Amino acid sequence: MSGIDWPGLMRVGLHQLGLEPAAFWRLSPVELRIMLGADAAGPPLTRARLAELAAAFPDRVKEAKDGTDR
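Residues numbered from 1 in each chain as written. Predicted model: local features only at pLDDT ≥ 70, side-chain atom pairs only at ≥ 80, totals over all residues. Heavy atoms only, no water.

**Things to note about the overall build of the protein**
Here is step 1: Scanning the protein from terminus to terminus reveals four helices and zero strands.
Here is step 2: Seen in sequence order, the protein has helices and strands lined up from the N terminus as α-α-α-α.
Here is step 3: Residue pairs at least 24 apart in sequence account for 7% of intrachain contacts in the protein once pairs closer than 6 positions are excluded.
Here is step 4: Counting only carbon and sulfur atoms, one obtains 60% of the accessible surface of the protein, whose full area is about 6200 Å². (Helix = DSSP H or I, 4+ residues; strand = E, 2+ residues; numbered from the N terminus. Contact = heavy atoms within 4.5 Å. Areas by Shrake-Rupley, 256 points an atom, 1.4 Å probe, with all protein chains shown as cover.)

Have a look at this one:
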């Protein structure tokens, strides 16, 4: 078993989205997820969030003399 709920996906695609069977089967998994709203975009990256990420994951610079990271 693939772990994919094909009957459920087909029910949503054919009934909720109103797709014809041929159109449903031509969709890629990514396209179907987008149509179902599963990949809704998160909030935009703010300066504050960027600063948090930069602090959590700082860039490392190699030393010119010995090649070690600092």
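Additional details are given in the paragraphs that follow.
**Some points on the confidence of the model for the protein**
Here is step 1: On average, residues of the protein score 85 in pLDDT, and 80% of them are at 70 or above.
Here is step 2: Here helix α3 (residues 29-35) stands out as the element of the protein with the lowest mean pLDDT, 87, in contrast to helix α2 (residues 21-26), whose mean of 96 is the highest. (pLDDT = per-residue confidence, 0-100.)

**Things to note about a nonpolar patch on the surface**
Here is step 1: Side chains of I4, W6 and W25 sit close together on the surface and give an oily, nonpolar patch of about 320 Å² of accessible area.
Here is step 2: Tracing the chain through its elements places W6 in helix α1 (residues 6-16).
Here is step 3: You can call W6 partly exposed: its relative accessible area is 37%. (Patch = residues over 30% accessible without salt bridge, like charges linked within 9 Å, V, L, I, M, F, W, Y side chains within 5 Å. Salt bridge = Lys/Arg side-chain N within 4 Å of Asp/Glu carboxyl O. Buried < 20%, exposed > 50% of the residue type's maximum accessible area, 1.4 Å probe, protein only.)

**Focus: the layout of surface pockets**
Here is step 1: Here the largest pocket defines a volume of roughly 190 Å³.
Here is step 2: Going through the elements one at a time, α1, α2 and α3 are the ones with two or more residues in the lining of the largest pocket.
Here is step 3: Residues of the lining of the largest pocket, tallied by class, amount to nine nonpolar, one polar and one charged. (1 Å grid on protein atoms, 1.4 Å probe; cavity = no way out; pocket = protein on both sides within 12 Å on 5 of 7 lines; lining within 4 Å. Points joined across faces, edges and corners; volume = space filled by probe spheres on them. Nonpolar A, V, L, I, M, F, W, Y, C, P; charged D, E, K, R; others polar.)

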